[in-house]
There are 2 protein chains.
Amino acid sequence: MLKIRLVLVGIEGKINMGFIVRLAENFGVEDICVVSPEFSIDDPEVREFAAGGAKALSRVRVEDSLSNCLSGASLSICTTAKTSGEDVLRISVPSDMVKYILPESGIVALVFGRESVGLTREELSKCDVVSTIDTGTEYPTMNLSHAVGIYLYEVARADHRRLTIGDYCPRNVMDAMYREINSFCADLADERACIALKRALARARPSKSECGALYKLFKKVRHRLSECSQIMFVDD
Amino acid sequence: MLKIRLVLVGIEGKINMGFIVRLAENFGVEDICVVSPEFSIDDPEVREFAAGGAKALSRVRVEDSLSNCLSGASLSICTTAKTSGEDVLRISVPSDMVKYILPESGIVALVFGRESVGLTREELSKCDVVSTIDTGTEYPTMNLSHAVGIYLYEVARADHRRLTIGDYCPRNVMDAMYREINSFCADLADERACIALKRALARARPSKSECGALYKLFKKVRHRLSECSQIMFVDD
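Predicted, not measured: the structure shown is a model, and the values here were computed from it.

Draft legend 1. Inspection of the environment of B:Ser95 at higher detail. The residue B:Ser95 is located in the loop between β5 (92–94) and β6 (106–112) in this model. With relative accessibility at 1%, the residue B:Ser95 sits in the buried group. Residues B:Ser95 and B:Lys219, 124 residues apart in the sequence, show an inter-C-alpha distance of 33 Å. Those residues in contact with B:Ser95 that lie beyond four places of it in its chain are A:Tyr153, B:Ser131, B:Thr132, B:Ile133, B:Tyr151 and B:Glu154.

Structure below.
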């Protein structure tokens with residue numbers, strides 16, 4: 001299993017520190033190593049902005065060199081907003097490709113520099129890889145905590161790719177729903193619409209609760225329509 | 001070309017507002033609509049945290065209703081940290097799948113609620129689709145600005161990976177289809193199923209040809225059902 005270590009070098013802002021601790025809690029990252037911060041990690045402002053993550057502040061490790069924070073990591077990734085195709089020290093993996101280069105287990109260190117000047121060349125040279133968030137604009141310099149949020153989103157949840165809808169619609173309910181649709185579409189003599197409806201619903205990947213509601217709806221529609229044609233038949 | 005509109009409902013924090021304006025500048029989003037903010041958008045603290053995006057503050061639009069901010073959008077996406085597999089109003093598309101349901105052109109509205117309580121059920125019901133960031137942890141509630149950052153990262157720089165379905169369903173046909181659904185659901189007294197159906201269809205991103213067929217189908221259903229209830233009424 002892969003573990004994430006967040007490494008913050010020379011962090012200057014207490015609000016950012018608080019936000020980052022909250023983000024780490026959001027994404028289940030327990031290992032935070034801070035190199036020479038410009039304030040006390042226990043500052044009340046840090047705690048305030050850490051919100052539900054404040055209890056994790058006691059776990060934050062403070063070191064006086066980047067090397068100490070990188071110790072034991074299988075892969076270290078330094079982040080920068082200043083990328084370059086020329087400067088070999090700054091040739092970057094885009095943030096959305098990082099997940100494809102992660103080891104399966106061990107520790108990956110995500111390293112973030114100072115709000116004002118980022119990481120020095122010497123610090124960049126200590127990492128295995130450099131990475132950048134390509135915003136596609138003229139103003140790619142994000143606030144530190146927002147860059148951290150995006151990397152945690154990309155890296156920490158690499159194995160959480162699923163619909164957040166609870167249980168999927170079971171096959172038998174899906175089939176029962178299709179039968180109702182087929183039946184009332186036949187009634188309405190519109191097979192093409194019937195295919196469109198089934199295709200669209202299948203693409204939507206309905207949840208169990210949704211397809212329960214949909215099954216009942218289509219059953220009711222089918223029932224009423226057939227009742228209706230009987231009545232109309234009797235009337236003729 | 002697809003344009004992003006950022007919609008912030010009842011935003012409470014000036015620091016967040018500043019950060020969000022900066023993020024919008026980072027990701028090249030020029031359209032920001034704020035519904036009843038709890039402070040003045042021109043506040044110096046907002047400006048401070050907007051950093052390099054501060055010049056965009058004059059473009060921020062302030063409205064007194066969500067509907068005004070949604071006007072003209074081809075697709076509206078309400079975000080929530082509170083997802084549910086049971087509640088059809090909260091069945092969510094995960095943030096990393098949103099890019100696959102985007103229209104090719106027009107305006108997509110990304111809607112974010114209050115820091116304290118998010119969006120109300122009434123506000124959620126005004127959106128086509130609901131989306132959530134699945135952090136995979138017990139503490140998914142992110143700070144507002146970090147959630148905005150992740151959605152802009154996912155949506156604003158989407159390299160247009162799309163379903164190969166040709167033209168998407170135009171907004172007016174989608175709306176006409178919804179009206180038919182609303183009408184026959186009212187007839188069948190099943191509002192929950194109606195929400196489930198509309199949500200599932202919006203998630204499926206129907207093509208122009210599909211939604212033409214679906215519109216006609218639902219219109220026929222509605223027509224027959226209303227005919228039928230008149231006949232049954234006459235019979236009584």
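Draft legend 2. Focus on the layout of surface pockets. Counted as a void, the largest pocket has a volume near 700 Å³. Lining the largest pocket are 33 residues, and of these B:Arg114, B:Glu115, B:Thr141, B:Met142 and B:Leu144 sit closest to its centre. If you list the elements that add at least two residues to the lining of the largest pocket, you get α1 (14–26) and α2 (44–50) of chain A together with α1 (14–26), β7 (129–132) and α5 (144–155) of chain B. Partitioned by chemical class, the residues of the lining of the largest pocket number 15 nonpolar, 11 polar and 7 charged.

Draft legend 3. Here's a closer look at the state of the cysteines. Residues and elements named next belong to chain A. Counted by the stated rule, this structure contains 6 disulfides over all chains. Here Cys33 pairs with Cys69 through a disulfide, and the sulfurs are 1.9 Å apart. The chirality of the disulfide connecting Cys33 with Cys69 is left-handed, given an S-S dihedral of about -75 degrees. Here Cys69 lies in helix α3 (residues 66–70) and Cys33 lies in strand β2 (residues 31–35), a separation of 36 residues in the sequence. Cys69 matches Cys33 in its accessibility class, with the two residues each being buried. There is a disulfide in this structure between Cys78 and Cys127, and the S-S distance comes to 2.0 Å. On the sign convention where negative is left-handed, the bridge of Cys78 and Cys127, at about 65 degrees about the S-S bond, is right-handed. Placement of Cys78 in strand β4 (residues 75–79) and of Cys127 in the loop between α4 (121–125) and β7 (129–132) is noted, with a sequence separation of 49 residues between them. Exposure class is identical for Cys78 and Cys127. Each is buried.

Draft legend 4. Structural context of empty space enclosed by the protein. Residues and elements named next belong to chain A. Scanning the entire structure with this criterion turns up 2 cavities of 30 Å³ or more. Counted as a void, the second largest cavity has a volume near 30 Å³. Lining of the second largest cavity is provided by Val21, Ala24, Val29, Glu30, Ile32, Ala56 and Arg59.

Draft legend 5. Region of interest: the domain arrangement of chain A. Under the domain assignment used here, chain A contains domain 1 (2–155) and domain 2 (171–235). Each of domain 1 of chain A and domain 2 of chain A was reduced to a C-alpha centroid, and the two centroids are 52 Å apart.

Draft legend 6. Here's a closer look at the interface of chain A and chain B. Between chain A and chain B, the residue contacts involve 72 residues of the former and 76 residues of the latter. Between chain A and chain B lies a buried interface of about 6,200 Å² when both sides are counted; carbon and sulfur atoms form 63% of it. Linking chain A with chain B are 1 salt bridge, by the criterion used here. A salt bridge links B:Asp190 to A:Lys220; the shortest N-O distance between them is 3.3 Å. For the pair chain A and chain B, the interface holds 27 residue pairs in polar contact (both at pLDDT 80 or more).

Rules used throughout
- Every chain begins its residue count from 1, and numbering advances along the sequence as written.
- As they are written, the chains are lettered A onward and the ligands numbered 1 onward, keeping that order.
- Only residues with pLDDT of 70 or above have their local features reported here, since the model is predicted, and side-chain atom pairs are shown and tallied only from 80 upward, although totals for entire chains, interfaces and linings are computed over all residues.
- Hydrogens and water molecules were not included; the side-chain quantities draw on all heavy atoms of the structure.
- What counts as a helix is a DSSP run of H or I of at least four residues, what counts as a strand is a run of E of at least two, and both are numbered from the N terminus.
- Burial classes: relative accessible area under 20% of the type maximum marks a residue as buried, over 50% as exposed, and values in between as partly exposed (1.4 Å probe, protein chains only).
- Between two residues, a contact is recorded if the distance between any of their heavy atoms is within 4.5 Å.
- Definitions used throughout: a 1 Å grid over protein atoms alone; a cavity as a set of points that fits a 1.4 Å probe which cannot get out; a pocket as an open set with protein on both sides within 12 Å along at least five of seven lines; a lining residue as one with an atom within 4 Å of a point.
- Grid points are joined across faces, edges and corners, and a volume is the space filled by probe spheres set on the points.
- Side-chain classes are defined by residue name, with Ala, Val, Leu, Ile, Met, Phe, Trp, Tyr, Cys and Pro counting as nonpolar, Asp, Glu, Lys and Arg as charged, and the others, Gly among them, as polar.
- Disulfide assignment relies on a single distance test, namely cysteine sulfur atoms paired within 2.5 Å.
- What counts as a domain boundary in this text is fixed by an automatic or database domain assignment.
- A quick way to say it: buried area is the sum, across both parts, of accessible area lost when two parts are put together, with a 1.4 Å probe.
- Note on definitions: salt bridges are taken to be side-chain nitrogens of Lys or Arg within 4 Å of carboxyl oxygens of Asp or Glu.
- Two N or O atoms count as a polar contact when they lie within 3.5 Å, although within protein this holds only if one can serve as hydrogen donor and the other as acceptor, and sequence-adjacent residues are included solely when both atoms are side-chain atoms.

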